[in-house]
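Take a look at the letters that make up each chain.
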Amino acid sequence: MASEGVVLSATDLNHIEAPVTIRAYLLCAFAAFGGIFFGYDSGYINGVTGSKVFISLIEPAGQTTLTSSHNSLITSILSAGTFFGALIAGDVADRFGRRPTIIVGCVIYIIGCVLQVAASGLALIVVGRLIAGVGVGFVSAIIILYMSEICPRKVRGALVSGYQFCITIGLLLAACVTYATESRTDTGSYRIPISIQFAWGLILGTGLYLLPESPRYFVKKDRIDSARAVLSRLRGQPEDSEYITSELAAIVANAEYERKAIPITGYWSSWLHCFTGSLWEGSSNIRRTILGTSLQMMQQWTGVNFIFYYSTPFLESTGAISNSFLISLIFTLVNVLSTPISFWSIEKIGRRPLLIWGALGMLICQFLVAIIGVTVGFNKTHLNAAGTAVANSIPAVNAQIAFIAIYIFFFASTWGPGAWVVIGEIFPLPIRSRGVALSTASNWLWNTIIAVITPYMVNPDAGYLRSSVFFIWGSLCTCAFIYAYFLIPETKGLTLEQIDRMLEETTPRTSVGWVPKSTYSEEFAKEKVEHGSV
């Protein structure tokens, strides 16, 4: 590897990274603001599609709800855009860098927001959400890659969890804004929630312009001096510090090792290498790609976006809730308050136990909601004197709402952040940008599928499953529990380079006890001595 005349070495496992400073922590943490995009865009549509003014914009006069097809199209088209945006972003990030790719995503997102605000009918709303989705895809795919590459290993899980926390903040802000504007009788009832998105793109784009590029991107481009300068800034240490030298040595040696193992010879080669190796080998690229994409699929299968996309119209359709906007706001607040727990638990308990026990908690809650609902809850209503459907048992409905809130607690403190943390850690440097892009695209693909099919499952003019839909989510959470037990490795406390070695030497169920015995830089130095090159 060309290393600009610098010979690097490091053998002390304890000196791979510098102590975490407040400045370094804040530099890395700001990138998590990208989660606001995901959360706000996912959340505001839940309220807007229930706005009477917005419904009158889309539907013929006299119709009080969006049709299943229009609701499905408006909600899911953003996720379709993010799917393609995430796939494209991997190429852009490898060619131009992680930071510029995120900034471009912000610009695309802002353009989509402007089109939505200007809309006076279905067509421009759909086009605007599609374009905004491409921008969200850029940001959501590369922000995880960027954060995983710049964060210190001791707090990487907590900082990347901050991305999920910002998603919940975005959802909460969206819920507050739509709740505040729901009673408006002018176009502000939907234009205000949409236009506020402009601010998120401006803040993140400006902030990222001031942040440094990923040092691992510079190493991949053989710009070792640039990587050293950036690493010095991120860790708050002088460039000639032992910590900077040790960490950079490990990154360079691992990059050299992986270049030999994964020789990238062109554009298509870089994509094809995501699918090379044996399915039975835990460290093979195809196993990592399957792990990343299936983990994001499982996160969507938990059914959480059913709550945040459709809880308002769903709760209204049950005839059991008098103020569905308020209940949706409570769900979002539970989501926000529960996520910070993961900042501590993901580093102290670990990724693997968190995902296993989180899935167990979710499946129990989902099945309880379904069973209560079909026996005495949401599904059991009668008409009052005014001809309005009301619940037969208010306590049963309250119990269902409570268990949905507990389910959100389990998701927000485990699978919400955990899935994003793991996909940022498991890929080797030569295919990392594409691996994370594929995993994020998988999230958005399943997000799109769920957004498309859900109205047909629960709307009164379609499947009208009501509480029975939670049997589906509970069954899928059961799949997530089994999946986590057999396939999720433990990556807590390891550098990205050590995770590569751990995957080579363990299975998911034995990964918890693995400890590094040497560094890549130490082995690289020995190899050079043996070949007489030092």
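Since this is a predicted model, take the numbers as computed values, not measurements. (Residues numbered from 1 in each chain as written. Predicted model: local features only at pLDDT ≥ 70, side-chain atom pairs only at ≥ 80, totals over all residues. Heavy atoms only, no water.)

## So, the overall build of the chain
Inference 1: Within the chain, the secondary structure is distributed over 23 helices and two strands.
Inference 2: Out of the 534 residues in the chain, the part that is buried amounts to 60%.
Inference 3: In the chain, the proportion of contacts linking residues at least 24 apart, taken out of those at least 6 apart, comes to 77%.
Inference 4: Carbon and sulfur atoms provide 67% of the accessible area of the chain, an area that totals close to 19,400 Å². (Helix = DSSP H or I, 4+ residues; strand = E, 2+ residues; numbered from the N terminus. Buried < 20%, exposed > 50% of the residue type's maximum accessible area, 1.4 Å probe, protein only. Contact = heavy atoms within 4.5 Å. Areas by Shrake-Rupley, 256 points an atom, 1.4 Å probe, with all protein chains shown as cover.)

## Points about helix α4 (residues 68-96)
Inference 1: Between the first and last C-alpha of α4 there are 41 Å, a value that for 29 residues agrees with the 42 Å anticipated at 1.5 Å per step.
Inference 2: In α4, a bend of some 35° at Ser-76 exceeds every other bend along the element.
Inference 3: In terms of burial, α4 is largely enclosed, as 21 of its 29 residues are buried.
Inference 4: Once α4 ends, the next one or two residues include Gly-97, with phi positive near 115°. (Expected span 1.5 Å × (residues − 1). Bend = angle between axes of the 7 residues up to and from the residue.)

## Re the side chain of Thr-82
Inference 1: Positionally, Thr-82 belongs in helix α4.
Inference 2: Classification of Thr-82 by relative accessible area gives buried; the value is 0%.

## Considering the packing of helix α14 (residues 285-301) against helix α21 (residues 469-487)
Inference 1: Viewed as axis vectors pointing N to C, α14 and α21 meet at an angle of 150°, and their least axial separation amounts to 9 Å. By the angle between their axes, α14 is roughly antiparallel relative to α21. Judged by the sense of rotation from one axis to the other, the crossing of α14 with α21 is left-handed. On α21, the residues that touch Leu-291, Ser-294, Leu-295, Met-298 and Trp-301 of α14 are Trp-473, Leu-476, Cys-479, Ala-480, Tyr-483 and Leu-487.
Inference 2: Class assignment of the residues belonging to the contact of α14 with α21 gives a composition of ten nonpolar, one polar and no charged. (Axes fitted to C-alpha atoms, helices over the stretch in contact; angles between N-to-C directions. Parallel < 35°, antiparallel > 145°, perpendicular 65-115°, else oblique. Left-handed = near helix turned anticlockwise from the far one by under 90°. Nonpolar A, V, L, I, M, F, W, Y, C, P; charged D, E, K, R; others polar.)

## Topic: the nonpolar core
Inference 1: If you look at the biggest cluster of nonpolar residues, it comprises 133 residues, and the most contacted ones within it are Met-147, Tyr-163, Leu-295, Ile-307, Phe-331, Trp-415 and Phe-470.
Inference 2: Not counting residues within four places of it along the chain, the set of residues in contact with Trp-415 comprises Leu-295, Met-298, Gln-299, Leu-355, Gly-358, Ala-359, Met-362, Phe-410, Ala-480, Tyr-483 and Ala-484.
Inference 3: In terms of nonpolar packing, the next biggest core, distinct from the first, is built from six residues, Leu-494, Ile-499, Met-502 and Trp-514 among them. (Core = buried A, V, L, I, M, F, W, Y, C linked by side-chain atoms within 4.5 Å.)

## Quick look at the layout of surface pockets
Inference 1: Considering only enclosed or pocket space, the second largest pocket measures out at about 380 Å³ in volume.
Inference 2: What lines the second largest pocket is a set of 17 residues, and nearest its centre among them are Asp-94, Lys-220, Lys-221, Ile-264 and Arg-434.
Inference 3: Among the elements of the structure, α4, α12 (242-261), α13 (267-272) and α20 (429-458) are those that each provide at least two residues to the lining of the second largest pocket.
Inference 4: Considering every element that reaches the lining of the second largest pocket, the biggest residue donor is α4, with four residues.
Inference 5: Classifying every residue of the lining of the second largest pocket by side-chain character gives eight nonpolar, two polar and seven charged. (1 Å grid on protein atoms, 1.4 Å probe; cavity = no way out; pocket = protein on both sides within 12 Å on 5 of 7 lines; lining within 4 Å. Points joined across faces, edges and corners; volume = space filled by probe spheres on them.)

## Let's talk about the environment of Thr-206
Inference 1: Summarising the element assignment, Thr-206 is placed in helix α9 (residues 197-210).
Inference 2: For the pair formed by Thr-206 and Ile-103, sequence separation is 103 residues and the distance between their alpha carbons is 7.9 Å.
Inference 3: At 2.8 Å, the side chain of Thr-206 and the backbone oxygen of Leu-202 are in polar contact. (Polar contact = N/O pair within 3.5 Å; in protein donor to acceptor, adjacent residues only side chain to side chain.)

## Describing the packing of aromatic side chains
Inference 1: With the rule as written, the count across this model stands at 15 aromatic pairs.
Inference 2: Centroid distance Tyr-40 to Trp-200: 5.8 Å. Interplanar angle 65°. Geometry classified as edge-to-face. Placement of the pair is Tyr-40 in helix α2 (residues 35-48) and Trp-200 in helix α9, with a sequence separation of 160 residues.
Inference 3: Taking relative accessible area as the criterion, Trp-200 reaches 13% and is therefore assigned buried.
Inference 4: Consider the rings of Tyr-163 and Trp-420, whose centres lie 5.3 Å apart with planes at 75°: the pair is edge-to-face. Of this pair, Tyr-163 sits in helix α7 (residues 156-181) while Trp-420 sits in helix α19 (residues 394-423); the two residues are 257 residues apart in sequence, bridging distant segments of the chain.
Inference 5: When its relative accessible area of 1% is taken as the criterion, Trp-420 is described as buried.
Inference 6: When the ring centre of Tyr-485 is taken as origin, the NZ or CZ atom of Arg-352, which lies over that ring, is 5.4 Å away. (Phe/Tyr/Trp six-rings, centres within 6.5 Å; stacked < 30°, edge-to-face > 60°. Lys NZ or Arg CZ within 6 Å of the ring centre and 35° of its normal.)

## Digging into the packing of α2 against helix α6 (residues 122-150)
Inference 1: Contact geometry for α2 and α6: axes closest at 10 Å, N-to-C directions at 150°. Relative to α6, the element α2 is oriented roughly antiparallel. Of the residues in α6, those touching α2 at Phe-37, Phe-38, Asp-41, Tyr-44 and Ile-45 are Arg-129, Val-136 and Val-139.
Inference 2: Counted by class, the contact of α2 with α6 contains six nonpolar, no polar and two charged residues.

## Considering the confidence of the model for the chain
Inference 1: Residues of the chain with pLDDT of at least 70 account for 90%, and the chain-wide mean is 84.
Inference 2: Averaged pLDDT values for the elements of the chain fall to 60 in helix α23 (residues 520-530) and rise to 95 in α21. (pLDDT = per-residue confidence, 0-100.)

## As for the pattern of salt bridges
A pair can form between side chains of opposite charge whenever their charged atoms are brought close.
Inference 1: Enumeration according to the criterion identifies 14 salt bridges in this entry.
Inference 2: Where Asp-94 meets Lys-220, a salt bridge forms, and the shortest distance between an N and an O atom there is 3.0 Å. Placement of the pair is Asp-94 in helix α4 and Lys-220 in helix α10 (residues 215-220), with a sequence separation of 126 residues.
Inference 3: Note that Glu-247 and Arg-235 form a salt bridge whose closest N and O atoms lie 2.9 Å from each other. Residue Glu-247 is found in helix α12, and its partner Arg-235 is found in helix α11 (residues 224-235); the two are separated by twelve residues along the sequence.
Inference 4: With a relative accessible area of 1%, Arg-235 lands in the buried category.
Inference 5: Three or more residues joined by partner-sharing salt bridges are found here, namely Asp-91, Asp-94, Arg-98, Glu-149, Lys-220, Arg-432 and Arg-434. (Salt bridge = Lys/Arg side-chain N within 4 Å of Asp/Glu carboxyl O.)

## Topic: the environment of Leu-279
Inference 1: Mapped onto the secondary structure, Leu-279 falls in the loop between α13 and α14.
Inference 2: Between the C-alpha atoms of Leu-279 and Ile-290, which are eleven residues apart in sequence, the distance is 9.2 Å.
Inference 3: Discounting residues that sit within four places of it in the chain, Leu-279 has contacts with Ile-286, Arg-287 and Ile-290.

## What about unusual backbone geometry?
Inference 1: Located in the positive-phi region is Asp-222, a residue other than glycine, with phi close to 65°.
Inference 2: Relative to the elements of secondary structure, Asp-222 occurs in the loop between α10 and α11.

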